[in-house]
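Residue-level structural notes
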Amino acid sequence: MIFTSEQVSAGHPDKICDQISDAILTECLRQDKNSRVAVETMIKNFDIILAGELTTSAVLDIEKIVAQALYKIRLTELENYRITNLIFEQSPDIAQGVDTGGAGDQGMMFGYATDETPEMLPIPFVLATKALQYMRELNHPSLKPDAKAQVSFDYKKHRIDSFLISTQHIPSFDGQLLENFVTFVMREVAEEMGLNTDFKTLVNPTGKFIIGSSFADSGLTGRKIIADTYGSAARHGGGAFSGKDPTKVDRSGAYIARYIAKNVVHKGFAKRCEVQIAYAIGVKEPVSVNVECFGTNKVKKSEIEKYIRKNFDLTPKGIINKLDLLNVNYNKVSSYGHFGKEGLPWEQLE
């Protein structure tokens, strides 16, 4: 079976928007732990549109927050970006349910873990992510911020079948030098994971990638939810994470589901685990919790469900307290995925 996963770089237009939204959220929570934040960003060319709901006592310099986010991405001509601010106060209809400890919305969230990598994430997804992170670390002067990676992995033969990277570059960068550099990155990442390097390589298959980021495409918060999670190896409830405070179960529910799934695998209950949690708006307890182990469980599913009920408070307040979600720097997860990184509370083991 050949399975494919994708990752995108910090300079992808959708991820630019995620990083702006999470930068606003992080600053709100830094100043006011009771902030209610649901901020989305759209970008096209030099125009940035902020929209959503915000209730906070934090004093925000929006232009400074946005400029710092763009600078970290390594975008240029920062003085040319224009911001339209359409952020308003949160609806009191939502607040009345959340203030009493209920979920900030209805919906279902998924968490997933697998024993196939140390990060407990799917192999092709880890490869695609590490390749883009390594490229960013090397910071080749001829490459620009926008890039995408895609890896096809043959699980039956346990080998990489193909590796694709499209990366933005300056007009004068020689195509062969570009291919040599990107292929080097691919092979270094594969070797680090103890995998084959004789895979099929695809580097900028259209021939060139000069125009990128918001000048090649529009960007929007929450449009890369598969790149944020498990590279399509697990299901997704559909709700985006970035720009939302932890009372929004789209975010906190997905984090606790990942935490549970990871601990189920770590304890040896299963080799793969997917946890689904569903909520009703304004209601504290989830309306359902479901566990799927894909036939890899070593104990009965009823025992795993018993372990979850005994050890985890799945109310929004319980999740926030357990994972200390009001004190997280969400800038750490607004690009290159929300899972598999050290230092995140939902990546810890019981």
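These notes cover the structure that comes with them.

Criteria and thresholds
- Every chain's residues receive numbers from 1 upward, in the order its sequence appears when written.
- Totals for whole chains, interfaces and linings use every residue, but because this is a predicted model, local features are given only for residues with pLDDT of at least 70 and side-chain atom pairs only at 80 or more, for both listing and counting.
- Excluded from the side-chain calculation are hydrogens and water; included are all heavy atoms of the structure.
- Each helix corresponds to a stretch of at least 4 residues labelled H or I by DSSP, and each strand to a stretch of at least 2 residues labelled E; elements are numbered beginning at the N terminus.
- In this scheme, a residue with accessible area under 20% of its type's maximum is buried, one over 50% is exposed, and one in between is partly exposed, where area comes from a 1.4 Å probe on protein chains only.
- Residues count as neighbours in contact if any of their non-hydrogen atoms are within 4.5 Å of one another.
- Note on geometry: axes are C-alpha line fits, over the in-contact stretch for helices, and angles between N-to-C directions span 0 to 180 degrees.
- We call two directions roughly parallel when the angle between them is under 35 degrees, roughly antiparallel when it is over 145, roughly perpendicular when it lies between 65 and 115, and oblique otherwise.
- Take the far helix as the reference: if the near one is turned anticlockwise from it by less than a right angle, the crossing is left-handed, and if turned clockwise, right-handed.
- Charged residues are taken to be Asp, Glu, Lys and Arg, nonpolar residues to be Ala, Val, Leu, Ile, Met, Phe, Trp, Tyr, Cys and Pro, and polar residues to be all remaining types, Gly included.
- Here, a salt bridge means any side-chain nitrogen of Lys or Arg that lies within 4 Å of a carboxyl oxygen of Asp or Glu.
- Paired strands are those between which DSSP finds at least two bridges.
- For crossovers, right-handed means that the path from the first strand over the helix to the second runs clockwise, given strands pointing away from the viewer.

Once that is clear, we can look at the overall build of the protein. Along the backbone of the protein there are nine helices and 11 strands. Across its three principal directions, the C-alpha atoms of the protein cover 60 × 50 × 25 Å. Counting all 350 residues of the protein, 54% fall into the buried class. Within the protein, counting contacts between residues at least 6 apart in sequence, those at least 24 apart form 72% of the total.

Following both chains from N to C, one finds helix H7 (residues 249–266) and helix H9 (residues 316–323) inclined at 60°, their axes separated by 10 Å at the closest point. What the angle tells us is that H7 and H9 run oblique. Once H7 is placed against H9, the crossing between them reads as left-handed. Residue-level contacts link Val249, Ser252, Gly253, Tyr255, Ile256 and Tyr259 of H7 to Pro316, Ile319, Lys322 and Leu323 of H9. Across the contact of H7 with H9, the residue classes break down as seven nonpolar, two polar and one charged.

Within the chain, asparagine 204 stands out as a residue other than glycine whose phi angle is a positive 45°. As for its position among the elements, asparagine 204 is in the loop between strand S8 (200–203) and strand S9 (219–220). Positive phi values are uncommon outside glycine, yet phenylalanine 294 reaches one of about 55°. Secondary-structure assignment places phenylalanine 294 in the loop between strand S11 (288–292) and helix H8 (301–311). With a relative accessible area of 33%, phenylalanine 294 lands in the partly exposed category.

Let's shift gears to the pattern of salt bridges. The tally for this structure, following the rule as stated, stands at 19 salt bridges. Its salt-bridge partner being glutamate 347, residue arginine 258 comes within 2.8 Å of it at the nearest N-O pair. With a gap of 89 residues between them, arginine 258 in helix H7 and glutamate 347 in the segment after H9 connect regions that are remote in the sequence. In this structure, arginine 258 and glutamate 347 share a single accessibility class: buried. Note that glutamate 347 is salt-bridged to lysine 262, the shortest N-O span being 2.9 Å. Remark: lysine 262 occurs in helix H7 and glutamate 347 occurs in the segment after H9; sequence separation between them is 85 residues. Its relative accessible area of 8% is what places lysine 262 among the buried residues. Here the salt bridges do not stand alone but share partners, grouping Asp14, Arg223 and Lys224 into one network.

Direction vectors running N to C along helix H1 (residues 13–31) and helix H2 (residues 62–73) enclose 130°, while the axes themselves pass 9 Å from each other. Viewed along their axes, H1 and H2 adopt a mutual orientation that is oblique. For H1 against H2, the interelement crossing comes out right-handed. Across the interface between the two elements, Ile16, Gln19, Ile20, Ala23, Ile24 and Glu27 from H1 touch Ile62, Ile65, Val66, Ala69, Leu70 and Ile73 from H2. Looking at the contact of H1 with H2, its residues break down into 10 nonpolar, one polar and one charged.

Another point: the pairing of strand S5 (residues 107–114). Among the eight residues in S5, seven count as buried, and that is most of the element. Direction of pairing for S5 relative to strand S10 (residues 272–279): antiparallel, over a ladder of eight bridges. Pairing of methionine 109 across the sheet is with isoleucine 277, part of S10.

As paired strands, strand S3 (residues 47–55) and strand S4 (residues 82–88) are joined by seven bridges and run parallel to one another. When the sheet's bridge partners are listed, alanine 51 is paired in S4 with leucine 86. Handedness of the crossover is the feature at issue here: the chain leaves S3, passes through H2, returns alongside S4, and the resulting connection is right-handed.

This paragraph deals with the sheet that holds S11. Overall, antiparallel pairing links the three strands, which are arranged S5-S10-S11 in an open sheet. Each edge of the sheet is formed by a strand with only one pairing partner; in this case those strands are S5 and S11. Neighbour to neighbour, the strand axes of the sheet diverge by 15° on average, direction disregarded. Contacting S5 and S10, H7 crosses the sheet at an angle of about 30° to S5.

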